[in-house]
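Architecture at a glance
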Amino acid sequence: MRAVIAEDSVLLRIGLVKVLEMAGFEVVAETGDAEGLLAAVEEHRPELALVDVRMPPGFTDEGVRTALMIRQESPGTAVLLLSQYVEERYAADLLATQTRAGVGYLLKQRVADVEEFIDAVRRVAAGGTALDPQVVAQLLLRRGGGSDPLGRLTPREREVLALMAEGRSNAGIAAELVVSESAVAKHINSIFAKLDLPPADGDHRRVLAVLRFLDGTP
Amino acid sequence: MAIRGGAPRRTYTWITAHAPWSAWAWRNTTFTAAAIPAALPVLLGLTATVMAPGPGTIPPLLILLIGPLLTRLQRSRFRTLLGLDVPEVEREGSRFTPFAVARRLRSEATWRQYGYHLLVSPLAAVAGGLVVLAWAFGTAATCVYGWIWILPADTRTPGWTDDYDTVTVGGVLLLLAAPWLAALFARLDSVAAAALLGPNRARELERRVEDLAESRAGVLDAADLERRRIERDLHDGAQQRLVALAMNLGIARATLTDLPPEAKAVIDEAHREAKEAIEELNNLVRGLHPAVLEDRGLDAALSGVAARAPFPVELTVDIEQRPGATVEAVAYFVVSEALANVAKHARAERCRVHVVRAPAPDGSARGADLLRITVTDDGVGGADPARGTGLVGLRKRVGSVDGTIMIESPLGGPTVITVELPCGL
């Protein structure tokens, strides 16, 4: 699988290349700014773009804006954003754009836990999601209670939904919560019911549930 | 002895200092007398107007024209003869364009100066004349016996000695009084000059307040800019390096599986330390100035703050037009500090934050919109701004932009903090 990296810190870029190679990717382009990233995605059409949020020339949210453009123009490229801080608005913007490619939004420091990071990268490249546990925790706190449909979820269901939002599979959730995989499936069905997601949508309901969880987007 | 002798010596010193021959007497006399030549143009002009009403309108116009010159002359009289510096009225712009002249004619300071030249200056000249006469008559009357000896003896009337004794005493008294008269007139003149020739005090204070407000706003902006610079430096420097370090340690941990346990433990430890350092640095940098505040404004930045609070926060931000960067920074600080306080002390279940941009109430001096921030929690209440250091910091930060803060916190709750910040800054 081919990947491009956009990160303005050279030190970090070298490390990211190493990690992606460990994960079995071929890094076809490295760049330090938004324009370079767009050009690289245009040229290589990679499976994955690893993007820093803050890049030259403005050092603000270039990464997010570029990521949104990539999702529009190259729907086949999965985007994994790395940010020093997690701002849920950025996450919501990113997830509001639905394509078949995966998407991720992680704190930069997560790359330090190399195995977990590789796991997240592979998941995103395979079309899944990887949300930083910190974003998920923030959203859970905010959505707890009130007239929100999410308020109807039991605490355990919310845990399951949070892990789903992070992008884990049923098996992964079961391992994390130390329950059986069938128990997880039961919880997930209950979540779908409570969020009014009819079974006709099949696998897609997972994403819809997460989206609903993130920001009232249908 | 020294104590006893002190009082008479002081009296003596005082008398000599104010005697007719003292420097003090001469200084005041010279100053008062100098009012006569300085007032001559005005006196001549006024006389001409009174004598010939028809073409007499020309001299007042001339006075109007030489007004600034007269002001300089008078100011120089005060400075050189009395050592009194009448502050100059500051002029803006160049001197001789028609616009500048028109503006000067409209200015209140100009007309105060003409008031001095047309009213006080003639009076001062009269006073100066009186002082000169007092000296002259005093001297002449004191020396009356001297004059008498010059005259032939047969012109002296009988009983002249009694009359001339009176005249002599009168002359001496007049001589003694002359310096005091001069001092009195000099004092009155100085007071009038300070009020009419110098700048208007109230106006001056007003301008000073404006200047101070402006410079404070500058200082605040500079501090804000500096915080942003530090944030940027840390973000692009130390933070990235630390992340790279932690990542390399992570790679080492993942790839070097056949290390001896001691070495593995050391790498694990270093890896953990690096991650903790990143976490600490993140918290520090975020407190300085959140990048998202600059990019997306208060709504987005506050949603982050609200989300990080350890209890549900209902946030509504109703701002059409973004306020200035400094005001935004203060508003961000207010909300994050208030929520931190709630988390620490209030034992609240939930919290509501409402931010709205409201038009200024009528009669507001600045006329700028207000940013009204309301933080309400359902905690135990009893927040006392006199004790809580968090609230003191809040109050200072709000005061720095001329904002107001109101804290209602009855025991048992709920606590409502209302902050109003002028957006215009």
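Every value quoted in this text rests on a predicted model; they were computed, and no experiment measured them. (Residues numbered from 1 in each chain as written. Chains lettered and ligands numbered in written order. Predicted model: local features only at pLDDT ≥ 70, side-chain atom pairs only at ≥ 80, totals over all residues. Heavy atoms only, no water.)

The next subject is the overall build of chain A. In terms of helices and strands, chain A carries 10 helices and 6 strands. A separation of at least 24 residues holds for 65% of the contacts in chain A among residues at least 6 apart in sequence. For chain A, the exposed area adds up to about 8700 Å²; of that, 53% sits on carbon and sulfur atoms. (Helix = DSSP H or I, 4+ residues; strand = E, 2+ residues; numbered from the N terminus. Contact = heavy atoms within 4.5 Å. Areas by Shrake-Rupley, 256 points an atom, 1.4 Å probe, with all protein chains shown as cover.)

What follows deals with the overall build of chain B. If you tally the helices and strands in chain B, you get 13 helices and 5 strands. Among the 425 residues that make up chain B, the fraction classed as buried is 38%. For chain B, long-range pairs separated by at least 24 residues make up 72% of all intrachain contacts whose partners lie at least 6 apart in sequence. In the structure as shown, chain B presents an accessible area of about 24200 Å², 64% of it carried by carbon and sulfur atoms. (Buried < 20%, exposed > 50% of the residue type's maximum accessible area, 1.4 Å probe, protein only.)

On to the packing of aromatic side chains, then. Residues and elements named next belong to chain B. Per the stated rule, a full pass over the model turns up 5 aromatic pairs over all chains. Between Trp111 and Tyr114 the ring centres are 5.4 Å apart and the planes differ by 55 degrees, which places this aromatic pair in the tilted class. One end of the pair is Trp111 and the other is Tyr114, both in helix α5 (residues 108-142) and 3 residues apart, which spans about a single turn. You can call Tyr114 buried: its relative accessible area is 7%. Here the aromatic cluster, defined as three or more aromatic residues joined through ring pairs, consists of Trp14, Trp24 and Trp180. Here the guanidinium or amino end of Arg77 rests over the ring plane of Phe78, the centre of that ring lying 5.2 Å away. One cation-aromatic arrangement involves Arg397 over Phe333; the distance from NZ or CZ to the ring centre is 4.5 Å. (Phe/Tyr/Trp six-rings, centres within 6.5 Å; stacked < 30°, edge-to-face > 60°. Lys NZ or Arg CZ within 6 Å of the ring centre and 35° of its normal.)

Residues Tyr105 and Met164 of chain A together with Leu339, Ile373 and Leu421 of chain B are the most contacted members of the largest nonpolar core, which totals 84 residues. Per-element tally for this core: the top contributor is helix α12 (residues 325-346) of chain B, with 10 residues. Setting aside residues up to four positions removed in sequence, Met164 of chain A forms contacts with Thr129, Ile173, Ile188, Phe192, Arg206, Ala209 and Val210 of chain A. (Core = buried A, V, L, I, M, F, W, Y, C linked by side-chain atoms within 4.5 Å.)

Residue and element names in this part refer to chain B. At a minimum axis separation of 7 Å, helix α2 (residues 23-51) and α5 run at an interaxial angle of 130 degrees. Judged on the interaxial angle alone, α5 and α2 are oblique. In the crossing of α2 with α5, the sense of the turn from one axis to the other is left-handed. Between α2 and α5, the contacting residues are Thr29, Thr32, Ala33, Ala35, Ile36, Ala38, Ala39, Val42, Leu43 and Leu46 on the first element and His117, Leu118, Ser121, Pro122, Ala124, Ala125, Ala127, Gly128, Gly129, Val131, Val132 and Trp135 on the second. When its residues are assigned to classes, the contact of α2 with α5 shows 16 nonpolar, 6 polar and no charged. (Axes fitted to C-alpha atoms, helices over the stretch in contact; angles between N-to-C directions. Parallel < 35°, antiparallel > 145°, perpendicular 65-115°, else oblique. Left-handed = near helix turned anticlockwise from the far one by under 90°. Nonpolar A, V, L, I, M, F, W, Y, C, P; charged D, E, K, R; others polar.)

Now for the interface of chain B and chain A. A common way to state how big an interface is: give the accessible area lost once the parts meet. Across the contact, 39 residues belong to chain B and 34 residues belong to chain A. Regarding the contact of chain B and chain A, the summed buried area is about 3400 Å², with carbon and sulfur atoms giving 52% of it. Measuring nitrogen to oxygen at the nearest pair gives 2.6 Å for the salt bridge that ties Asp113 of chain A to Lys275 of chain B. At the junction of chain B and chain A, the tally comes to 9 residue pairs in polar contact (both at pLDDT 80 or more). Take the side of chain B that touches chain A: its biggest share by element is 17 residues, from helix α8 (residues 201-255) of chain B. (Buried area = accessible area lost by both parts, 1.4 Å probe. Salt bridge = Lys/Arg side-chain N within 4 Å of Asp/Glu carboxyl O. Polar contact = N/O pair within 3.5 Å; in protein donor to acceptor, adjacent residues only side chain to side chain.)

Right, let's get into the pattern of salt bridges. As enumerated under the stated definition, the model contains 26 salt bridges over all chains in all. In this structure, Asp402 of chain B engages Arg216 of chain B in a salt bridge whose closest nitrogen and oxygen atoms are separated by 3.0 Å. With Asp402 of chain B in the loop between α13 (389-399) and β4 (404-408) and Arg216 of chain B in helix α8, this pair connects stretches of sequence that are 186 residues apart. Since its relative accessible area comes to 38%, Asp402 of chain B is described here as partly exposed. A salt bridge links Glu226 of chain B to Arg229 of chain B; the shortest N-O distance between them is 2.9 Å. Remark: Arg229 of chain B and Glu226 of chain B occur in helix α8; sequence separation between them is 3 residues, near one turn of the helix. Judged by its relative accessible area of 36%, Glu226 of chain B is partly exposed. Several salt bridges share partner residues, and in doing so they unite Glu7, Asp52 and Lys108 of chain A into one network.

Residues and elements named next belong to chain B. A sheet is described by the order of its strands in space; here 5 strands give the open sequence β1-β2-β3-β5-β4, paired in mixed fashion. Pairing within the sheet leaves two strands with one partner each, and these edge strands are β1 (313-318) and β4. In this sheet, adjacent strand axes meet at a mean angle of 10 degrees when their direction is disregarded. Across 5 bridges, the pairing between β4 and strand β5 (residues 415-422) is antiparallel. Directly across from Glu408, in β5, lies its bridge partner Val416. Set on the sheet, helix α11 (residues 298-308) makes contact with β1, β2 (351-358) and β3 (370-377); between it and β1 the angle comes to about 170 degrees. Relative to β3, α12 is tilted by about 10 degrees, and along the sheet it contacts β1, β2, β3 and β5. (Pairing = 2+ DSSP bridges.)

Now for the confidence of the model for chain A. Averaged over every residue, the pLDDT of chain A is 82; the share at 70 or more is 86%. At the level of individual helices and strands, chain A shows its lowest average pLDDT in helix α6 (residues 133-143) of chain A, which scores 67, and its highest in strand β1 (residues 2-6) of chain A, which scores 94. (pLDDT = per-residue confidence, 0-100.)

Residue and element names in this part refer to chain A. At their nearest, the axes of helix α1 (residues 10-22) and helix α5 (residues 114-125) sit 10 Å apart, and the two run at 70 degrees to each other. Judged by the inter-axis angle, α1 sits roughly perpendicular to α5. Crossing hand, α1 versus α5: right-handed. When α1 is examined against α5, the residues Leu16, Val19, Leu20 and Met22 are found in contact with a partner set consisting of Val114, Phe117, Ile118, Val121 and Arg122.

This next bit is on the sheet that holds strand β4 (residues 78-83) of chain A. Consider a sheet: its strands pair through backbone hydrogen bonds, and that pairing is either parallel or antiparallel. Residues and elements named next belong to chain A. Overall, parallel pairing links the 6 strands, which are arranged β2-β1-β3-β4-β5-β6 in an open sheet. Of all the strands in the sheet, the pair left with one neighbour each is β2 (26-31) and β6 (129-131). Taken pair by pair, the neighbouring strands of this sheet meet at an average axis angle of 20 degrees, ignoring direction. Note that β1 and strand β3 (residues 48-52) share 4 bridges and pair parallel. Among the inter-strand pairings, Ile5 is bridged to a residue of β3, identified as Leu50.

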